[in-house]
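# Summary of structural features
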Amino acid sequence: MNGIDFAYLPIIGRGEQINIICAMHGIKVNTMMTKPMGDDFDKDVQSPFGTIPWFRDNSNGIELNDSLAIVQYLVSKYKGPLTPKSHENAALTAMYWAWAQDYYSFVLSPLHDIITDNSDPFWRNLRLTNTLADGGKEVGISNLTILHQKRVQYLENYLTKMNLGNFVTGENCSYADIFIYTCVKTVQETGGFGILRESCDGVPFKDCTNILKICKSVGEIPEVIECVGSKFQEYPI
Ligand SMILES: N[C@@H](CCC(=O)N[C@@H](CS)C(=O)NCC(=O)O)C(=O)O
């Protein structure tokens, strides 16, 4: 294959899970850094919807501008360990991915605005970013901490009820496990998320035995170890 072009930023964000999935499926990635943190790509102009991740498969020219669409395309076109084994497994994987996507969109992403001190309402193409509008930073962090705890508890409770194996859909790792892993490790280890850790008294995933078990299992996969390297320590968010 000719590999893929992949535009993102030098952060964990919504990009690292795609790098990991490519590593696990042997897909060659040509990384492009987008403005304002790089010069290879301009999301405001080149992305159909003004956001990243953005992707093109050089073998056929298909261009995708949504992380779930990218991941589902990759694991079905380039079969490997993360390719769902049944329709049921595919649907459950997409559902757990959506948990991580919502957690990212409504908890981690608004925290990015606080971490980067960006309270201009229109600095993103996708959503309003005046997280600090009502009550300032302290109230913002406190509200997002409550939301974090609620979202995490829902997932943890459901995993307990389902009593599955080492991963969300059973004994095999899915692409949803990878996204849950990158979100959890971002909160646990990146410098910027110190504010959330502090707000959770240093234990943002307290009593989350199942979630932490999944992250441990993902973190032991050799391709994950190699792909991630020291990024959680180096990247700000
Ligand atoms: N549903 C989209 C959301 C993409 C998204 O919000 N991307 C963020 C970065 S993780 C972005 O481009 N933000 C900048 C902006 O909105 O201008 C996906 O999952 O790809």
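## Digging into the overall build of the chain
The number of helices and strands found in the chain is ten helices and four strands. Listed N to C, the secondary structure of the chain is β-α-β-α-β-β-α-α-α-α-α-α-α-α in terms of helices and strands. Over its C-alpha atoms the chain spans a radius of gyration of 17 Å, differing by no more than 12% from the 18 Å that the globule rule assigns to 237 residues. Seen through its principal axes, the chain has C-alpha atoms that stretch 50 × 45 × 30 Å. Of all 237 residues assigned to the chain, the portion counted as buried reaches 33%.

## As for unusual backbone geometry
In terms of backbone geometry, most residues other than glycine have negative phi values and most peptide bonds are trans. A cis amide bond links Lys 35 with the next residue in sequence, Pro 36, at an omega value of 5°. Looking at the element boundaries, Pro 36 is found in the loop between strand E2 (29–33) and helix H2 (43–46). Here the bond from Ile 52 into Pro 53 is cis, since omega is 5°, no more than 30 degrees from zero. Inspection of the secondary structure assignment puts Pro 53 in the loop between H2 and strand E3 (54–57). For Asp 117, which is not a glycine, the phi torsion comes out positive at approximately 60°. For Asp 117, the location among the structural elements is in the loop between helix H4 (87–115) and helix H5 (136–162). Even without a glycine there, the phi angle at Asp 207 is positive, about 60°.

## Quick notes on H5
Think of an α-helix as 3.6 residues a turn; residues three or four steps apart then line up on the same face. For H5, with 27 residues, the first-to-last C-alpha span of 39 Å sits near the 39 Å given by 1.5 Å per residue. Burial in H5 covers these residues: Gly 140, Ile 141, Leu 144, His 148, Val 152 and Leu 159. The inward-facing, buried residues of H5 contact H4, helix H7 (194–199) and helix H8 (209–219).

## Section: the nonpolar core
By size, the foremost hydrophobic cluster in this structure holds 53 residues, and its most contacted members are Ile 21, Tyr 175 and Ile 180. In terms of residue count, the dominant contributor to this core is helix H6 (residues 175–189) (nine residues). Structurally, this core is a two-domain feature, drawing no fewer than three residues from each of domain 1 (4–77) and domain 2 (87–231). Excluding anything up to four places from it in sequence, Tyr 175 contacts Ile 21, Val 71, Val 75, Leu 82, Thr 93 and Trp 97.

## Some thoughts on the site of the ligand
Close to the ligand lie Gly 13, Arg 14, Lys 43, Gly 50, Thr 51, Ile 52, Pro 53, Asp 66, Ser 67, Arg 124, Asn 125 and Leu 126, which account for all nearby residues. In the shell around the ligand, the residues fall into three nonpolar, five polar and four charged. A domain-level breakdown of the shell around the ligand finds at least three residues from each of domain 1 (4–77) and domain 2 (87–231).

Calculation criteria
- Residues numbered from 1 in each chain as written.
- Predicted model: local features only at pLDDT ≥ 70, side-chain atom pairs only at ≥ 80, totals over all residues.
- Helix = DSSP H or I, 4+ residues; strand = E, 2+ residues; numbered from the N terminus.
- Rg over C-alpha atoms; globule rule 2.2 N^0.38 Å.
- Buried ≥ 20, exposed ≤ 12 C-beta atoms within 10 Å, placed from the backbone.
- Expected span 1.5 Å × (residues − 1).
- Contact = placed C-beta atoms within 7 Å.
- Core = buried A, V, L, I, M, F, W, Y, C linked by C-beta atoms within 7 Å.
- Domains from an automatic or database assignment.
- Near = placed C-beta within 6 Å.
- Nonpolar A, V, L, I, M, F, W, Y, C, P; charged D, E, K, R; others polar.

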